[in-house]
Amino acid sequence: MMIGLAVLPPIAVALEEEFFIDLFSRVIIHAIAAVSLNLILGYGGMVSFGHAAYLGVGGYMVGIGTFHAFEDGVEWMGSGWVQFPAAILASALVALLIGAVSLRTRGVYFIMITLAFAQMLFFSGVGLEIYGADDGLNLYSTSDFSGWVDLSNESTLYYVSYAMLLLALYTSHRIIGSRFGWVIRGARSNERRMRAVGFPTYSYRLAAFMIAGGMCGLAGALMANHTEYVSPSMMHWTKSGDLIIMIVLGGMGTLFGPVVGAVAFLFLEEFLSSITEHWQIIFGPMLILVVLFARGGIDSLLTLRRRPDE
Amino acid sequence: MNEPILQVRQLVKRFGSLTATNHLDLTVVPGEVHAVIGPNGAGKTTLLGQIAGELKPDSGTIHFNGVNITHRPDHHRVHMGLARSFQITNLFTEFTVLENVMLAVQAQDGHSFRFWRPAQHDPSLREPALAILEEVDLRPRADAMAASLSHGEQRQLEIAIALTGQPKLLMLDEPMAGMGPVETQRMIEILQELRHRLTILLIEHDMDAVFSLADRISVVVYGDTIATGTPEDIRANEEVRQAYLGDTFSGPTTGSETPNSPAHGSEKPESGNPGSGNP
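Since we're looking at a predicted model, the values are computed, not measured.

Reading the values: the criteria
Residues numbered from 1 in each chain as written. Chains lettered and ligands numbered in written order. Predicted model: local features only at pLDDT ≥ 70, side-chain atom pairs only at ≥ 80, totals over all residues. Heavy atoms only, no water. Helix = DSSP H or I, 4+ residues; strand = E, 2+ residues; numbered from the N terminus. Buried < 20%, exposed > 50% of the residue type's maximum accessible area, 1.4 Å probe, protein only. Areas by Shrake-Rupley, 256 points an atom, 1.4 Å probe, with all protein chains shown as cover. Pairing = 2+ DSSP bridges. Axes fitted to C-alpha atoms, helices over the stretch in contact; angles between N-to-C directions. Contact = heavy atoms within 4.5 Å. Domains from an automatic or database assignment. Buried area = accessible area lost by both parts, 1.4 Å probe. Salt bridge = Lys/Arg side-chain N within 4 Å of Asp/Glu carboxyl O. Polar contact = N/O pair within 3.5 Å; in protein donor to acceptor, adjacent residues only side chain to side chain. Parallel < 35°, antiparallel > 145°, perpendicular 65-115°, else oblique. Nonpolar A, V, L, I, M, F, W, Y, C, P; charged D, E, K, R; others polar. Expected span 1.5 Å × (residues − 1). Arc of directions from axis to C-beta. Phe/Tyr/Trp six-rings, centres within 6.5 Å; stacked < 30°, edge-to-face > 60°.

Chemist: Would you mind showing me how to read the overall build of chain B here?
Modeler: Helix and strand content of chain B: 10 helices and 10 strands. Taken over 279 residues, chain B has a buried fraction of 54%. Accessible area for chain B stands at about 11800 Å²; split by element, carbon and sulfur atoms hold 52% of it.

Chemist: Just to check I follow, could you spell out the sheet that holds strand E7 (residues 169-173) of chain B for this structure?
Modeler: One key point about sheets: their strands pair by backbone hydrogen bonds, in either a parallel or an antiparallel sense. Residues and elements named next belong to chain B. Reading across the sheet, the six strands line up as E6-E7-E8-E3-E9-E10 and stay open at both edges, with mixed pairing between neighbours. Every other strand in the sheet has two partners, leaving strand E6 (82-84) and strand E10 (224-229) as the edge strands with one partner each. Each adjacent strand pair in this sheet contributes to an overall mean axis angle of 20 degrees, direction not counted. With respect to the sheet, helix H1 (residues 44-52) is in contact with strand E3 (33-37), E6, E7 and strand E8 (199-203), its orientation differing from that of E7 by roughly 150 degrees. Helix-sheet contacts for helix H5 (residues 151-163) involve E6 and E7, and the interaxial angle to E7 is about 155 degrees.

Chemist: I would appreciate a short explanation of the pairing of strand E9 (residues 216-221) of chain B in the present structure.
Modeler: Residues and elements named next belong to chain B. Judged by how many residues are buried, E9 sits mostly within the fold: six of six residues are covered. Where burial is concerned, the two faces of E9 agree: the one with Arg216, Ser218 and Val220 and the one with Ile217, Val219 and Val221 are both buried. Where E9 and E10 come together, five bridges link them in antiparallel fashion. Within the sheet, the bridge partner assigned to serine 218 lies in E10 and is threonine 228. Adjacent in sequence and paired antiparallel, E9 and E10 are bridged by two residues, among which tyrosine 222 carries a positive phi angle near 50 degrees.

Chemist: So what exactly am I meant to see when it comes to the domain arrangement of chain B here?
Modeler: Interface size, as often reported, equals the accessible area lost upon joining of the parts. All names here are of chain B. According to the domain assignment, chain B consists of domain 1 (1-81 + 167-270) and domain 2 (91-166). Taken residue by residue, the interface counts 20 residues in domain 1 and 16 residues in domain 2. Taken over both partners, the interface formed by domain 1 and domain 2 buries close to 1400 Å², and the fraction arising from carbon and sulfur atoms is 57%. Between the two partners, domain 1 and domain 2, sit two salt bridges. We note a salt bridge from glutamate 135 to arginine 197, for which the minimum N-O separation is 2.4 Å. For the pair domain 1 and domain 2, the number of links is six residue pairs in polar contact (both at pLDDT 80 or more). Elements represented by at least two residues in the side of domain 1 that touches domain 2 include exactly helix H2 (74-80), E7 and helix H6 (181-194). The leading source of residues in the side of domain 1 that touches domain 2 is H6, at six residues.

Chemist: Can you walk me through the interface of chain B and chain A in this structure?
Modeler: Between chain B and chain A, the contact holds 37 residues from the first and 28 residues from the second. The largest contributions to the chain B side of the interface with chain A come from Phe92, Phe115 and Trp116 of chain B, which together make up 22% of the buried area. Where chain B meets chain A, there are six salt bridges. Between glutamate 94 of chain B and arginine 188 of chain A there is a salt bridge whose closest N-O contact spans 3.1 Å. If you look at where chain B meets chain A, you find 21 residue pairs in polar contact (both at pLDDT 80 or more).

Chemist: Looking at this structure, I do not really get the pattern of salt bridges. What am I missing?
Modeler: Under the definition given, this model contains 18 salt bridges over all chains. Across the pair aspartate 122 of chain B and arginine 179 of chain A runs a salt bridge whose closest N-O atoms are separated by 2.8 Å. In this pair, aspartate 122 of chain B sits in the loop between helix H3 (97-108) and helix H4 (123-135) while arginine 179 of chain A sits in helix H8 (residues 179-189), so the two residues belong to two different chains. Each of the two residues, aspartate 122 of chain B as well as arginine 179 of chain A, counts as buried. In this structure, the salt-bridge partner of arginine 216 of chain B is glutamate 32 of chain B, at a minimum N-O distance of 2.9 Å. Taken together, the residues arginine 216 of chain B in strand E9 and glutamate 32 of chain B in the loop between strand E2 (18-28) and E3 connect sequence positions 184 residues apart. Connected through salt bridges with shared partners, the residues Arg179 of chain A together with Asp109, Arg117 and Asp122 of chain B form a single ionic network.

Chemist: Honestly, the packing of helix H3 (residues 19-43) of chain A against helix H10 (residues 201-227) of chain A in this entry has me stumped. Any pointers?
Modeler: When two helices pack together, their arrangement is captured by the angle between the axes and the distance separating the axes. All names here are of chain A. Between H3 and H10, the shortest axis-to-axis distance is 7 Å and the interhelical angle comes to 170 degrees. In terms of their interaxial angle, H3 and H10 are classed as roughly antiparallel. Residues Asp22, Ser25, Arg26, Ile29, His30, Ile32, Ala33, Val35, Ser36, Leu39 and Ile40 of H3 pack against Ala208, Phe209, Ile211, Ala212, Met215, Cys216, Ala219, Leu222, Met223 and His226 of H10. Broken down by class, the residue content of the contact of H3 with H10 amounts to 15 nonpolar, four polar and two charged.

Chemist: Would you mind showing me how to read helix H6 (residues 107-127) of chain A here?
Modeler: Counting along an α-helix, one turn takes 3.6 residues, and residues three or four places apart therefore face a common direction. All names here are of chain A. Across its 21 residues, H6 extends 31 Å between first and last C-alpha, which sits within 8% of the 30 Å expected from 1.5 Å per residue. Listing the buried residues of H6 in full gives Phe110, Thr114, Leu115, Ala118, Gln119, Phe122 and Gly125. Down the axis of H6, the buried side of the element spans an arc of 160 degrees, and every buried residue falls inside it. Exposed positions of H6 whose direction lies more than 90 degrees from the buried face are Tyr109, Met120 and Phe123. Those residues of H6 hidden inside the fold are in contact with helix H4 (52-71), helix H5 (80-102), H10 and helix H11 (237-250).

Chemist: Explain the packing of aromatic side chains here, please?
Modeler: Aromatic ring pairs are reported here in terms of the distance separating the ring centres and the angle at which the planes meet. Residues and elements named next belong to chain A. Counted under the stated rule, the structure contains 23 aromatic pairs over all chains. Measuring from centroid to centroid gives 4.9 Å for phenylalanine 122 and phenylalanine 123, while their planes differ by 75 degrees, and the two rings are edge-to-face. Taking the relative accessible area as the measure of exposure, phenylalanine 122 reaches 12% and is therefore buried. Accessibility expressed as a relative area gives 52% for phenylalanine 123, which makes it exposed. Pairing phenylalanine 180 with tyrosine 204 gives two aromatic rings, centres 6.2 Å apart and planes at 50 degrees, and the pair type is tilted.

The following block contains the structure:
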């Protein structure tokens with residue numbers, strides 16, 4: 001599948017279906033966000049219902065930077081070299097603050113508190129009159145990488161996003177297998193025992209929360225460049241829900257599950273909404289079927305077919 | 001007598017109107033196997049939870065090796081040499097036997113903010129973990145999933161995890177719970193080996209095991225210690241007999257395995273209870 005994604009743009013151009021580049025850029029950017037959420041939700045068992053907040057924070061870093069670069073002539077703020085690191089750092093910082101409070105709770109309380117924080121950010125975005133309030137902010141241009149990379153070119157943006165997805169996957173893979181990753185997975189498996197063998201689980205979870213937040217901020221920055229538009233709706237709770245659905249659909253706690261989930265989700269959305277405006281009526285039952293009959297998500301079904309002897 | 005390794009003074013823990021630990025005193029000296037016995041709901045597991053740092057006492061103090069640890073977080077206590085096992089088997093079920101112990105080894109091996117190098121084949125985790133598995137007789141099962149072990153093997157793994165990091169005091173919460181005679185015997189042998197190296201605080205209902213292992217026994221009833229002494233003292237103690245051991249328990253040669261023993265017979269249902277034994 002990853003190879004398929006790599007060769008998509010030239011094929012799409014050849015078939016004169018450039019629309020697919022646009023759709024798949026969207027898919028890939030969402031996949032990065034889903035991979036980041038999977039790190040804490042799938043591997044760490046932390047059901048964060050406010051993950052879209054970091055999409056928003058990352059996106060607004062780009063949006064606000066570009067805004068000031070054009071309105072006030074502060075040129076450095078339009079630079080991608082500034083905007084992208086800022087998006088990652090700001091998101092990680094917000095994750096630190098949200099996590100520091102939320103991670104003291106468990107279960108439903110954790111879900112509710114992360115949701116509440118994300119909604120707070122959503123309404124803060126709505127309150128930002130100068131940056132368009134709930135209408136959002138149109139970007140005058142994409143992030144400026146001193147002429148090296150032109151993100152306004154669809155194929156370029158696609159490949160940059162694709163490279164970032166590979167980076168996110170590789171980073172996830174390394175983290176999950178590292179000592180740190182073991183602590184995170186151990187804490188999901190049995191937190192009480194983790195504490196009894198001497199791990200301060202809170203600090204490790206908080207660090208994981210920050211990493212996931214930063215990674216999602218990167219997705220947010222890409223998303224802003226893709227749509228050339230940022231608005232509070234990026235942070236809306238339904239967006240957080242979409243990310244969770246992608247993970248559940250694709251396969252929680254597997255490396256490629258979130259990518260599979262993002263592809264499946266956005267494709268179904270695209271396809272079903274072309275049939276009916278109420279596409280969720282069809283989508284809902286499909287999700288229920290996956291949850292009931294393929295607990296490991298679509299990824300587990302694919303793996304099963306690949307290795308029938310298991 | 002040696003300086004005590006563990007000294008609990010006037011410990012109180014209340015859950016609402018229930019006083020689970022009631023001005024309890026307990027002294028454990030280095031090198032001994034100290035058993036804590038008492039009827040169900042006497043507050044044994046609650047006591048252990050407070051010593052381990054999982055529960056906060058309402059008042060009283062706990063000293064470990066002369067240091068006041070009453071307000072130290074649980075993970076600090078582990079690093080000071082205070083390890084515990086759980087009454088209800090409490091493992092990382094999605095991990096293999098070896099990985100379970102490797103995680104415990106990792107907890108002792110500095111911080112784990114190491115994000116990049118794979119841990120799976122790290123010899124500094126594997127080697128010590130394999131050595132500990134050897135010690136509890138589980139080496140051949142190293143690559144089995146923890147969830148697939150038999151009950152007795154899971155209890156052995158429980159001990160293995162508690163053993164990593166060379167604890168000075170090992171607290172065992174009913175290591176023989178739910179075991180058959182053969183498995184119990186095996187566990188007694190493992191503990192007989194361990195007693196040469198460390199101090200053991202043992203909560204156990206199997207009276208044969210208690211009387212064959214313990215150097216001293218404390219009897220806890222309604223959250224307070226009513227007697228502490230050698231197994232002989234405890235057998236002879238009239239108050240203990242009335243409060244706990246019952247009339248069936250008489251004479252130094254009799255175990256508690258008689259079918260109508262209140263101590264053992266009433267315990268069985270508890271081992272199936274997923275919650276902690278005490279409220």
